[in-house]
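Fold and geometry: a report
Each chain, letter by letter, is given below.
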Amino acid sequence: MIKKVLAIELLVFAVVLCCMCNLERGREQSHEAIITVIEQNLVPSIIIEGEDTEIYDIVSRMAHHNVPGLSMTFFDEGEIKWTRTYGVIQNGSTQKVDDQTLFQAASISKPVAAAIALRLQEKGLLDLDAPVNQYLQIWRVPENRFTQDIPVTTRHLVTHTGGMTVHGFRGYAADEDVPTVVQILVGVDPANSNPIVADTVPGSIWRYSGGGYTVYQLAIEEITKKSFEEVAEEEVLSQLAMSRSIYRQPLPESWHSNAAVGHRGNGNEVNGGWHTYPEKAAAGLWTTPSDLARFAIAVQKAFTGVENQWITTSTAQAMLTKHLGDWGLGFALNGETDSLRFGHGGSNEGFRCQLVAFADMGQGMALMTNGDNGSALINEILRAVSREYGWNIYKPTIKKVIAMSVAEKNKFSGTFVLPGSDRFTIDIALKNDNLEVAQRWNDESYTILPEGPSLFFDRNDGASFDFALNSDGQAIAVTVNGEFELIKN
């Protein structure tokens, strides 16, 4: 009788195990089918009303956008479910991108860097709400009328609410001298950016600031008496098995063999292959989509209370609590409650990338490219992923183009410069009866179409170009995406 019961139990166990294997196999097959649909069914960011919508595949869109290489990872239920790679690490090379290929994470460096502060706070080494100057010695945030009553804190810096200047950095080409962090903060040669100061009362507004993260980088080094890359390795990268991630700048030669080369919008290589970013916390991480997925999964697990030795649940929840501008401690945040998602984009010279994850649902995606036009490609892929996995986000925008004569369009031609920066210059000129924008800093060109008497949009990604006109109807300035006003030269 005992043998019979045991035999029945073993049979039941075998049936259950078989069902579980079949279920897992079915899930894998389901993912494979979804991947195929995603690869073959991309739609552009902008759909023009009245025009037929074309459907594209990933490879053709990579060619269209001059993006040589792409790597992307999908994760769900606390695990990486699939990784796919396409193209080559460098135009003209036969070396294919694989799951070990390094890309510059650009601004996705920021949330990974911000996690260091949370680890140090849990250890009692840092107070997010203490004045950051109490941790700084060799340089301090200059005191002025904006900081006299409310000092800049670490929380301000990692949530972009410190009123700090300098939006981002262009890095340093292979033939350029690389400044120290203090030279960057002060804005002296060989630094190629302006001094980093508070020009607004801390905590009063949200304004993206890579400069603030560079202040934060120095504070971490002062607190720990170690280099930033050492602290990042100890507190985040090694803790989460991010073995293909490194903050060292310039990238050590031993890592070069499988590092993607950056490319301009026209497909040309970045001088020297890539730029060096001494602004490590803001833009200096080299990594892979799989490693970024491991980071996001760790945040998801801690946030939902899954046993996690890296950070506590309360710390993760604080990380994903909205501050000004819907910004958490390092992450941009969207949605609410069970639809809350976190992420960050990245834009270095020759590289574009994106990380997005749902806090509760468990799904997410990391995508990395080695081309200046990679964001357009990434958005097309994310729309397909969103559609196939039921995210109900990342939908194309429908635009209506108004009639405008060639003579009228010509009134918007000219060279436009961002005040205070000789780098951000665009040339707008008629080409094939349409206006074409040429960005001087990266040789990228694209067509803009009219949707209002003085309002145009980029048909690739919908970026807006709102022109100011003089009494003769001639353009004298243009505001891009409602944020940057460029003056006609």
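Structure shown above.
Residues numbered from 1 in each chain as written. Predicted model: local features only at pLDDT ≥ 70, side-chain atom pairs only at ≥ 80, totals over all residues. Heavy atoms only, no water.

Moving on to the pairing of strand β15 (residues 455–458). As judged from the 3 bridges shared by strand β14 (residues 444–450) and β15, these two strands associate in the antiparallel manner. Across the sheet, the residue bridging to isoleucine 448 is aspartate 458, located in β15. The turn joining β14 and β15, which pair antiparallel and follow one another in sequence, is formed by 4 residues. Here 3 bridges tie β15 to strand β16 (residues 464–469), and the two strands are oriented antiparallel to one another. Its bridge partner lying in β16, leucine 455 is registered against aspartate 466. Hairpin connection from β15 to β16: 5 residues lie between these consecutive antiparallel strands, with glycine 462 at a positive phi of about 80 degrees. (Pairing = 2+ DSSP bridges. Helix = DSSP H or I, 4+ residues; strand = E, 2+ residues; numbered from the N terminus.)

This part covers the packing of aromatic side chains. Two numbers describe a pair of aromatic rings. These are the distance of the centres and the angle of the planes. As enumerated under the stated definition, the model contains 19 aromatic pairs in all. Ring geometry for phenylalanine 456 versus phenylalanine 467: centroids 5.6 Å apart, planes at 80 degrees, classification edge-to-face. Separated by 11 residues along the polypeptide, phenylalanine 456 in strand β15 and phenylalanine 467 in strand β16 bring together distant segments of the chain. Residue classification places phenylalanine 456 among the buried positions, given a relative accessible area of 0%. (Phe/Tyr/Trp six-rings, centres within 6.5 Å; stacked < 30°, edge-to-face > 60°. Buried < 20%, exposed > 50% of the residue type's maximum accessible area, 1.4 Å probe, protein only.)

Glancing now at the sheet that holds strand β6 (residues 332–334). In space, the 6 strands of this open sheet follow the order β3-β2-β9-β8-β7-β6, with antiparallel pairing throughout. A strand with exactly one partner marks an edge of an open sheet, and here the two such strands are β3 (79–87) and β6. Taken pair by pair, the neighbouring strands of this sheet meet at an average axis angle of 15 degrees, ignoring direction. Where strand β8 (residues 351–358) meets strand β9 (residues 364–369), 6 bridges bridge the pair, whose relative direction is antiparallel. Looking at β9, one finds that arginine 352 is bridged to threonine 369. Contacting β2 (69–76), β3, β7 (341–348), β8 and β9, helix α9 (residues 289–303) crosses the sheet at an angle of about 25 degrees to β2. (Axes fitted to C-alpha atoms, helices over the stretch in contact; angles between N-to-C directions. Contact = heavy atoms within 4.5 Å.)

Let's shift gears to the pairing of β7. Along β7, 6 of the 8 residues are buried, which leaves the element largely enclosed by surrounding structure. As paired elements, β6 and β7 share 3 bridges and run antiparallel to each other. Within β7, the residue paired with leucine 333 across the bridge is phenylalanine 342. The hairpin turn running from β6 into β7, its antiparallel successor, is 6 residues long, and glycine 335 in that turn takes a positive phi close to 75 degrees. Strand direction decides the pairing type here: β7 and β8, joined by 8 bridges, are antiparallel. Looking at the pairing, histidine 344 lines up with leucine 355 of β8. Counted between consecutive antiparallel strands, the loop separating β7 from β8 contains 2 residues, among which glycine 350 sits at a positive phi close to 90 degrees.

Ranked by internal contacts, the top residues of the largest apolar core, which has 88 residues, are Val215, Tyr216, Val236, Phe295 and Leu320. Top contributing element to this core by residue count: α9, with 9 residues. Beyond its immediate sequence surroundings of up to four residues, phenylalanine 295 is in contact with Pro111, Val112, Ala115, Val236, Leu240, Met242, Trp310, Met319 and Phe331. Ranked by size, the runner-up nonpolar core spans 25 residues in total, among them Ile38, Tyr86, Phe358 and Met365. (Core = buried A, V, L, I, M, F, W, Y, C linked by side-chain atoms within 4.5 Å.)

By themselves, these are just geometric observations and shouldn't be taken as functional.
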